[in-house]
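Each chain is listed here by its residues.
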Amino acid sequence: MRAVLDLYGPLHGLSLAAWLWLVPGLPLIGALLAGYIGLTALPREGEVAAARQLLAWRAGVGLSAAALALIRWGHDLQQLQHLARIFRVGRIELSADLLLDPVSLLTASSVLLASGALSFGRAGAARPRDSVLIPLATSGALVAALADAVPIAVLGGLVASLSGAIVASAHLRAFCIHRFSDALLLLGAATLAWALGGGFGAGEFTSDMSPRIAIESGSHDDARATAARSLPMDDDDDDDGPRRPASAGPKPLDLTGGGKASLTIAALPGSLIFLDESKTPLLSAEKIPVRTPVVRLSIPAGLHVVRLRPPGAGEDSLLSHVVATTGQDVRIIAVGPTTSLRETAEQLAASWLQGDRPLRTDLLSHEAWPGTRLSTLAALAIALGALLRLVSLAYSVRDFVGVSALISLPMLTLLTRLSPLLTVEPAVAGMVAAAAALCALVLAARAATASDGHGALVGVAASKAALSVVGVLAGAPGAALLDAGITLVAIVALEQALATTTGGPLLAANASKNAPSGWNRVFVFATLAITASAPIATELVAALGFSGAKAVPGVALLGASLSAVALGAFGLARVHAMSFATRSKDQPATTPVKAWIAAAASLIGAACLLGFDARAIGSDASLASRVVGHALDAGPANDLQSSVAPVTLLWLGLTLGALALARSRYTQAGVAGRSERSDASMGAAWAIAKPAALADLALVHAEALLARLTSKVSDDQPPAERSRGRLVWGLVVVGALPVVAIIASWVER
Amino acid sequence: MKTLIRALSIAVGLTLCLIFPARALAAPSGHITIERGPVELSQSGGSYKGGFAIDNTADTPLVLSRVAVRSDADDPRVPRNVTVEPEGAMPLTIAPHTRKRVNIAWTPEPTTRQRQLLGHVVVTSSDESSGEVAVGLRAQMPTPLGVVTDHALSTLLLLPLLGALAAIALYLRGISTRSVRAAAIAITVTQSALALWMWHAFDGSVTRADGNDGLQFVEHAAWLSRAGAEYFVGADAANVAVIAIIAIVSAVGLVATAPPARDAVAFDALYLIAQASGIGALAAQDALLWLSCIATLTLSVGFALAHFGDATAAVSVRRALGSLVPGFAAIAGALVILHLHADKTLLASGATVARSWSLPELARVSFVLKSGTVFGLPFVKVAYALGVAGALAYAGAFPVQSWLSGALSSAPTALGALLVVTVPTVGLHALARITMTLPEAARWAATPLLALGLASALASALSAAAQRDPGRALGLAVAAQTGLAVAALASSTQQGVMAFFVLIPARAAGCALFALAWGHLRDRLRVRDGLAIRGLGAHAPMLAVALTLGGLSAMAAPLTGSGWATMATLLAAVPRGFGAAAGVALVWATLAAALGRLTLRIVSGSLPDTLRDSRELEPHGGRVPDLRGRQLAAIALLALVVGAAGVYPGMLFSAAWGAARDLGPALNPKGPGEISLADAFPAQER
């Protein structure tokens with residue numbers, strides 16, 4: 001039996017979803033269908049099969065979007081679906097749970113929108129495997145976005161990454177970086193799980209890894225009202241559970257109403273629920289034992305003992321003194337080790353009645369070594385893993401930037417869900433935000449100086465991804481997610497627009513070759529959406545107001561972020577100027593229908609995203625009011641920032657001017673030479689093969705030398721002559737051993 | 001006068017007492033004789049009943065003071081509800097030249113998890129010359145196929161051995177027939193079915209507390225009794241899944257590949273012997289039997305590789321033997337040291353032996369309480385170090401991992417797959433065995449072993465990243481996963497122990513799939529450079545899927561069995577320090593990058609013109625032929641197992657649960673089965 005806590009805290013409403021699996025499942029089915037069509041198609045059916053595959057892709061994505069739209073939203077901000085218990089390691093369980101909340105809804109919508117746009121954009125040029133692997137990547141990205149636990153998010157991310165790597169023809173560097181990102185995420189999750197381990201007994205904390213459950217009863221106001229009517233805890237009770245502080249002063253409660261209360265349990269999914277002394281579990285209306293998770297399960301009002309029996313060989317979890325007054329919904333949460341960021345957030349929010357947060361305090365007291373908290377390391381690992389994944393967009397392959405962005409976007413969801421932990425670890429938020437801002441600046445500079453359209457696009461995409469990280473960490477997660485979603489769709493549109501230019505890979509080669517006018521408009525609109533949307537303004541304002549733990553002045557983040565946005569805008573404008581705006585005699589014949597469809601998709605998507613009410617994401621105010629609020633809320637710190645801001649802007653202007661001057665002097669040959677140098681330097685810095693070669697030199701050869709020393713063998717030695725006699729000898733020796741053993745056994749008997 | 005006579009009488013009495021031992025003056029006792037065991041209990045309703053007779057063969061009465069099952073609360077050797085009832089109340093007197101019967105009954109409850117009863121009844125009598133005597137017991141609940149499933153492990157061992165001996169006889173007589181391959185396939189397919197049934201019927205929640213040393217499907221019979229060795233095999237969490245994997249891989253290897261052009265019968269014979277000895281090495285619970293199986297495995301793989309490998313095989317074989325022979329000697333040395341310090345125990349029949357080779361009995365011995373040194377060092381530490389060194393040599397760990405990568409690169413496809421599931425597995429299994437036997441030494445060596453495991457894993461993963469030959473890269477990936485497994489075990493947490501036992505079969509299945517898929521591709525293209533191959537996905541999608549799935553498993557990617565185990569390893573390493581966990585994460589990422597780079601390169605893109613126009617692909621119109629027919633069916637079966645382990649890892653984790661419950665507390669006795677954070681992070685203890 002395990003002890004319990006009786007805590008209070010602001011919790012999001014939770015409801016159960018039955019069909020949430022359809023959201024990632026339908027694109028998966030579409031991918032499998034497309035694969036089946038491709039495998040069974042005859043060679044002469046090439047075009048027809050490709051059209052069918054494309055249809056399967058679109059159907060999967062479209063139906064998934066429909067399923068997402070049809071999910072009913074009530075007052076609850078979280079919808080949970082428990083799919084399966086994957087395994088139990090020691091006393092830690094990992095379940096495949098999907099969680100739909102405003103954050104994941106926004107990400108999933110963006111992913112589906114982008115995938116749909118890709119399916120239309122690639123209608124003419126799609127290869128058969130694109131129609132299989134891109135919806136597969138979409139499915140993986142949706143799993144990553146909707147996953148409740150970090151390992152499941154990593155798993156979805158792997159499917160997406162693998163599909164993206166294959167579809168983009170050995171997208172190796174990004175694939176390798178994604179694996180390092182996965183390792184960081186899982187390292188963080190494992191560290192967090194250990195840091196959360198522990199329980200309360202006999203007035204002191206004992207660390208271990210046993211999962212526990214606790215009562216959490218809504219907001220503090222409600223809790224105080226409830227506690228004022230709750231029964232006193234029996235001091236003589238031999239239950240080693242926690243004690244509510246005496247100062248809470250619970251008063252006797254009259255439970256004679258005989259009404260109904262309800263029970264909500266999301267902890268320990270798959271467990272049977274036993275009420276009071278009953279030997280049989282609670283049954284549903286169909287007389288089937290109810291298993292967690294349950295939401296608002298009706299129980300009689302009164303004082304209860306709730307027992308959860310997890311599946312398998314786990315021990316029961318017991319909750320004594322569950323006071324359920326008429327009409328009250330008693331929420332039971334998991335306390336202890338978990339890989340779910342939702343459960344982590346619930347634990348960090350839980351408090352005693354007078355406001356102390358024991359679980360948060362305890363988490364912060366766990367140290368890996370003196371002065372370094374486990375929670376710091378966990379938050380750092382997860383945040384850096386997400387950042388690494390997002391900035392790996394810089395290694396996107398030509399024509400697949402949209403796909404790469406699609407598979408990286410869910411990391412923002414993970415980062416947003418990490419916010420409760422980052423709130424108690426402001427230094428980590430500051431460090432990672434500074435790193436992200438620096439990445440954004442460097443990548444935007446790369447976009448501004450790229451020698452071709454692809455380079456500019458990649459730079460802008462990666463820079464915006466890093467900026468979104470800044471936005472999340474700076475306290476504007478809603479705006480950051482909106483910005484990332486808009487950017488994703490816009491990147492898809494930009495990529496399609498660039499694909500219509502008929503010139504060579506270098507910008508200078510495109511200078512006299514216009515793209516279709518429709519794509520011209522798409523490019524302009526997408527550029528504006530990427531660089532001048534309301535969410536960006538909110539992110540920038542948030543950056544201004546952010547000074548994580550006094551270590552990272554918000555003004556520095558603002559300067560870097562603003563510079564990154566401006567440099568990205570400059571890079572895209574330059575691409576537009578040289579590829580689209582220049583007049584040419586070689587006008588393309590027609591404007592393809594797909595251009596209009598992609599433009600419409602991006603317009604509708606951006607409009608939908610921009611119209612999304614930020615309040616649903618957790619902000620108390622709308623985007624506009626937040627922007628205005630930040631602007632008006634000028635305290636002493638902001639005065640300082642305001643004085644530094646003109647300097648930053650001046651520096652930014654000078655930088656842009658210098659870049660423009662340098663760019664205007666480029667010749668095609670010069671650009672080519674610069675491109676080669678740039679690629680070589682980046683390659684040398686990041687190529688996985690280089691450190692591997694060094695390691696091989698150090699390890700393989702040393703080890704081979706050791707093998708030679710021990711076995712006196714040389715690689716240069718010619719292969720031994722093979723004779724039948726040697727084989728016969730070997731057979732006799734090997735065969736004799738079991739024969740002798742069997743004979744010995746027979747003799748013994 | 002009376003006083004004088006009394007004094008003389010006392011003096012004479014005292015003199016007699018001094019001259020004759022007291023025993024001779026005691027009342028003469030009977031002589032106990034018990035029939036040879038083990039006694040088979042037969043089913044009778046819901047119970048299993050049987051008995052044996054105790055004969056008094058002397059002319060004086062024999063008094064029995066105790067007849068009881070050899071078990072106690074601290075060390076439950078048999079399942080519960082075993083009763084022993086002699087004819088008559090205790091103490092029981094047996095008249096001269098008469099006998100008394102002892103009735104034994106085992107009444108399993110519905111919740112009884114053990115399906116077998118193996119134990120002893122111990123009889124204490126007034127016959128001091130015989131001392132305490134015992135008789136073995138055995139009972140078996142019904143199984144689906146009677147004799148075959150009653151003796152599942154023996155069937156798994158004997159089938160291929162008999163097939164191999166028949167093949168050797170045919171080969172020595174110069175008879176070469178294709179029916180040998182057919183028979184070998186039939187044997188391995190039958191084995192696979194039986195091993196899968198055994199895995200399915202295995203109850204992973206069984207622990208030592210359930211009796212029978214936590215073993216299931218036990219076969220315990222006389223073998224070399226004078227030496228204290230027995231034919232003792234049993235299934236536990238450490239071997240049940242991997243035995244099934246070996247059986248499946250060996251069947252798939254034979255079905256999916258063509259026999260060698262020359263000496264095909266000899267190849268099949270060596271293949272079957274290697275497979276059987278691999279299974280035997282995993283199932284053996286007797287140290288001598290274990291060593292015999294390891295020796296047979298080493299020799300059979302060595303001979304097969306030497307004769308049927310490619311041009312570089314000779315170097316690979318010598319390098320392999322250069323690592324494996326010293327490794328074997330180290331394991332043997334460790335076992336001999338332990339045997340010499342073992343306690344008196346009983347054989348299956350009930351006969352007493354001064355020192356046993358039985359591994360469960362060795363695990364009971366409190367070696368740390370015994371004094372003794374080897375080369376001036378405590379013998380426990382020497383034995384553990386030797387055992388670990390030998391185990392790591394077989395597992396292909398750093399710094400001797402080159403033998404594995406070389407052997408995998410040189411071996412024919414089927415042999416490579418068998419090699420990768422047997423030899424490194426036997427090495428890891430040896431590490432588990434030696435740790436179970438010497439948990440105190442394992443605690444002593446935990447930190448160095450953790451460091452060694454991580455260093456080995458990192459070195460191998462980095463080396464793999466530099467390889468262009470996927471065969472060599474696979475060997476290094478196996479070595480890296482070996483290092484991770486060692487780190488998992490050395491973490492001493494319940495999570496780590498479970499990860500170790502899951503990683504063994506998961507790694508074996510995935511790496512075998514990769515070996516088979518790469519072998520097929522290599523045989524089709526005659527190319528060893530993986531980076532020179534592109535476009536497999538477009539040309540041969542089935543082969544590409546198999547290679548990708550195998551590659552993902554070999555790199556321990558999430559959604560594979562080895563990935564879940566590595567995740568558990570990461571979780572287990574945190575209490576040993578954040579640095580250890582970070583090391584696991586680094587190894588994981590490096591390994592994924594290394595194998596991912598090769599696999600993705602091969603699968604994606606389009607086939608280079610040089611390969612398209614090559615002589616090998618000319619008959620196929622410049623296309624890489626895909627898996628077809630029985631090749632596809634066989635490899636699909638293995639892929640299904642690998643995929644199932646990834647999607648439903650519970651099938652691996654549930655089997656390992658009991659072992660984690662047993663070994664976890666032994667390695668980490670402070671907490672209720674796991675390291676507490678207070679121990680792991682003393683800086684914050686309050």
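None of the values given here were measured: they were computed from a predicted structure. (Residues numbered from 1 in each chain as written. Chains lettered and ligands numbered in written order. Predicted model: local features only at pLDDT ≥ 70, side-chain atom pairs only at ≥ 80, totals over all residues. Heavy atoms only, no water.)

Even after reading the chapter, I still don't get the overall build of chain B, so can you show me in this structure?
Of regular secondary structure, chain B possesses 25 helices and 15 strands. Long-range contacts, defined here as pairs at least 24 residues apart, represent 77% of the contacts in chain B between residues at least 6 apart. Carbon and sulfur atoms form 62% of the exposed surface of chain B, whose accessible area is close to 23,700 Å². (Helix = DSSP H or I, 4+ residues; strand = E, 2+ residues; numbered from the N terminus. Contact = heavy atoms within 4.5 Å. Areas by Shrake-Rupley, 256 points an atom, 1.4 Å probe, with all protein chains shown as cover.)

Please explain the overall build of chain A as it appears in this structure.
Assigned secondary structure in chain A consists of 26 helices and 15 strands. A burial count over chain A gives 57% of its 749 residues as buried. If you take every contact in chain A between residues at least 6 apart in sequence, the share linking residues at least 24 apart comes to 77%. A total accessible area of about 29,600 Å² is found for chain A, and carbon and sulfur atoms account for 64% of it. (Buried < 20%, exposed > 50% of the residue type's maximum accessible area, 1.4 Å probe, protein only.)

Would you explain the packing of helix α3 (residues 102-121) of chain A against helix α16 (residues 477-499) of chain A in this entry?
Helix packing geometry: the angle between the two helix axes and the distance between the axes. Residues and elements named next belong to chain A. Put simply, α3 and α16 touch, their axes get as near as 9 Å, and they point 5° apart. Considering their axes alone, α3 and α16 lie roughly parallel with respect to each other. Counting all contacts with α3, which are made through Val103, Leu106, Thr107, Ser110, Val111, Leu113, Ala114, Ala117, Leu118 and Gly121, the residues of α16 involved are Gly478, Leu481, Leu482, Gly485, Leu488, Val489, Val492 and Gln496. Here the residues of the contact of α3 with α16 are counted per class, giving twelve nonpolar, six polar and no charged. (Axes fitted to C-alpha atoms, helices over the stretch in contact; angles between N-to-C directions. Parallel < 35°, antiparallel > 145°, perpendicular 65-115°, else oblique. Nonpolar A, V, L, I, M, F, W, Y, C, P; charged D, E, K, R; others polar.)

Could you clarify how one ought to interpret the sheet that holds strand β11 (residues 302-309) of chain A in this entry?
Backbone hydrogen bonds hold the strands of a sheet together, and the pairing may be parallel or antiparallel. All names here are of chain A. With respect to topology, three strands assemble into an open sheet ordered β9-β11-β12, the strand pairing being antiparallel. Each of the sheet's edge strands pairs with one partner strand only, and the pair in question is β9 (272-275) and β12 (317-324). The average undirected angle you get between the axes of adjacent strands in this sheet is 25°. In this sheet, β11 lies alongside β9 in antiparallel orientation, the contact comprising four bridges. Bridging from a neighbouring strand, Ile273 pairs with Leu308 of β11. (Pairing = 2+ DSSP bridges.)

Help me understand the packing of aromatic side chains in this model?
How two aromatic rings sit relative to each other is set out by the distance from centre to centre and by the angle between their planes. Residues and elements named next belong to chain B. In the structure shown here, the tally under the stated rule is six aromatic pairs over all chains. Pairing Trp197 with Phe217 gives two aromatic rings, centres 5.6 Å apart and planes at 70°, and the pair type is edge-to-face. Of the two residues, Trp197 sits in helix α5 (residues 179-201) while Phe217 sits in strand β10 (residues 216-224), which places them 20 residues apart along the sequence. Judged by its relative accessible area of 13%, Phe217 is buried. When the ring of Phe267 is compared with that of Phe308, the centres are 5.0 Å apart and the planes differ by 80°; the resulting orientation is edge-to-face. Of the two residues, Phe267 is situated in helix α7 (residues 264-283) and Phe308 in helix α8 (residues 287-308); the sequence distance between them amounts to 41 residues. (Phe/Tyr/Trp six-rings, centres within 6.5 Å; stacked < 30°, edge-to-face > 60°.)

Please explain the pattern of salt bridges as it appears in this structure.
In a structure, side chains of opposite charge can pair up when their charged atoms sit close to one another. Applying the stated criterion across every chain, the model contains 26 salt bridges over all chains. Taking the shortest distance from any N to any O, the salt bridge between A:Asp148 and A:Arg342 comes out at 3.1 Å. Linking A:Asp148 in the loop between α4 (128-146) and α5 (150-167) with A:Arg342 in helix α8 (residues 341-349), this pair joins segments that are 194 residues apart in sequence. Put simply, B:Arg528 and B:Asp310 hold a salt bridge, and the shortest N to O gap is 1.8 Å. (Salt bridge = Lys/Arg side-chain N within 4 Å of Asp/Glu carboxyl O.)

Where do I start with a nonpolar patch on the surface in this structure?
Residue and element names in this part refer to chain A. Residues Val739, Ile743, Trp746 and Val747 make up a contiguous nonpolar surface patch of about 430 Å² in total accessible area. With respect to the element layout, Val747 can be found in helix α26 (residues 724-748). Judged by its relative accessible area of 58%, Val747 falls in the exposed class. (Patch = residues over 30% accessible without salt bridge, like charges linked within 9 Å, V, L, I, M, F, W, Y side chains within 5 Å.)

Whenever I open this one, the confidence of the model for chain B confuses me. Can you help?
In low-pLDDT regions, the fine details of the predicted coordinates are not to be read closely. For chain B, the mean per-residue pLDDT works out to 86, and 93% of the residues sit at or above 70. The model gives residues 18-25 of chain B a pLDDT under 50, and that stretch makes one contact with residues more than four places away or in other chains. (pLDDT = per-residue confidence, 0-100.)

Explain the packing of helix α6 (residues 172-196) of chain A against helix α20 (residues 561-573) of chain B here, please?
The interhelical angle for the contact between α6(A) and α20(B), taken along N-to-C directions, is 50°, at an axis separation of 8 Å. With respect to α20(B), the axis of α6(A) lies oblique. For α6(A) against α20(B), the interelement crossing comes out right-handed. Counted together, A:Leu186, A:Leu187, A:Ala190, A:Ala193 and A:Trp194 of α6(A) and B:Met567, B:Leu570 and B:Leu571 of α20(B) form the full contact between these two elements. Its residues placed into classes, the contact of α6(A) with α20(B) shows eight nonpolar, no polar and no charged. (Left-handed = near helix turned anticlockwise from the far one by under 90°.)

Got a minute to help me understand unusual backbone geometry in this structure?
Residues other than glycine predominantly adopt negative phi, and peptide bonds predominantly adopt the trans conformation. All names here are of chain B. For the peptide bond that leads from Met90 to Pro91, omega is -5°, which places it in the cis range. Checked against the element boundaries, Pro91 lands in the loop between β5 (82-86) and β6 (92-94). In this model, Phe375 sits at a positive phi of 55°, which is unusual for a non-glycine residue. With respect to the secondary-structure elements, Phe375 resides in the loop between β14 (373-374) and β15 (377-378). Positioned with a positive phi, Leu559 is a non-glycine residue whose angle comes to about 75°. Summarising the element assignment, Leu559 is placed in the loop between α19 (541-554) and α20. Given a relative accessible area of 34%, Leu559 falls into the partly exposed group.

Explain helix α24 (residues 650-667) of chain B here, please?
Three- or four-residue spacings in an α-helix give side chains the same orientation, since the helix completes a turn every 3.6 residues. All names here are of chain B. The end-to-end C-alpha distance of α24, which contains 18 residues, comes to 24 Å, matching closely the 26 Å that a straight helix rising 1.5 Å per residue would cover. Along α24, the sharpest kink reaches roughly 35°, centred on Trp657. For α24, the set of buried residues is Gly650, Leu652, Phe653, Ala655, Ala656, Trp657, Gly658, Ala659, Ala660, Leu663, Gly664 and Leu667. (Expected span 1.5 Å × (residues − 1). Bend = angle between axes of the 7 residues up to and from the residue.)

Explain the environment of B:Leu476 here, please?
All names here are of chain B. Residue position: Leu476 is located in helix α16 (residues 470-490). For Leu476, a relative accessible area of 4% translates into the label buried. Spatially, the C-alpha atoms of Leu476 and Ser456 are 10.0 Å apart, while their sequence positions differ by 20 residues.

Would you take a moment to explain helix α1 (residues 22-40) of chain A for this structure?
Residues and elements named next belong to chain A. Taking 1.5 Å per residue, 19 residues should reach 27 Å; α1 reaches 26 Å between its end C-alpha atoms and fits that length. When α1 is considered as a whole, its buried residues turn out to be Leu22, Val23, Pro24, Gly25, Leu26, Pro27, Gly30, Ala31, Ala34, Gly35 and Ile37. In the core, the buried residues of α1 are packed alongside α2 (46-70), β4 (92-100) and α4.

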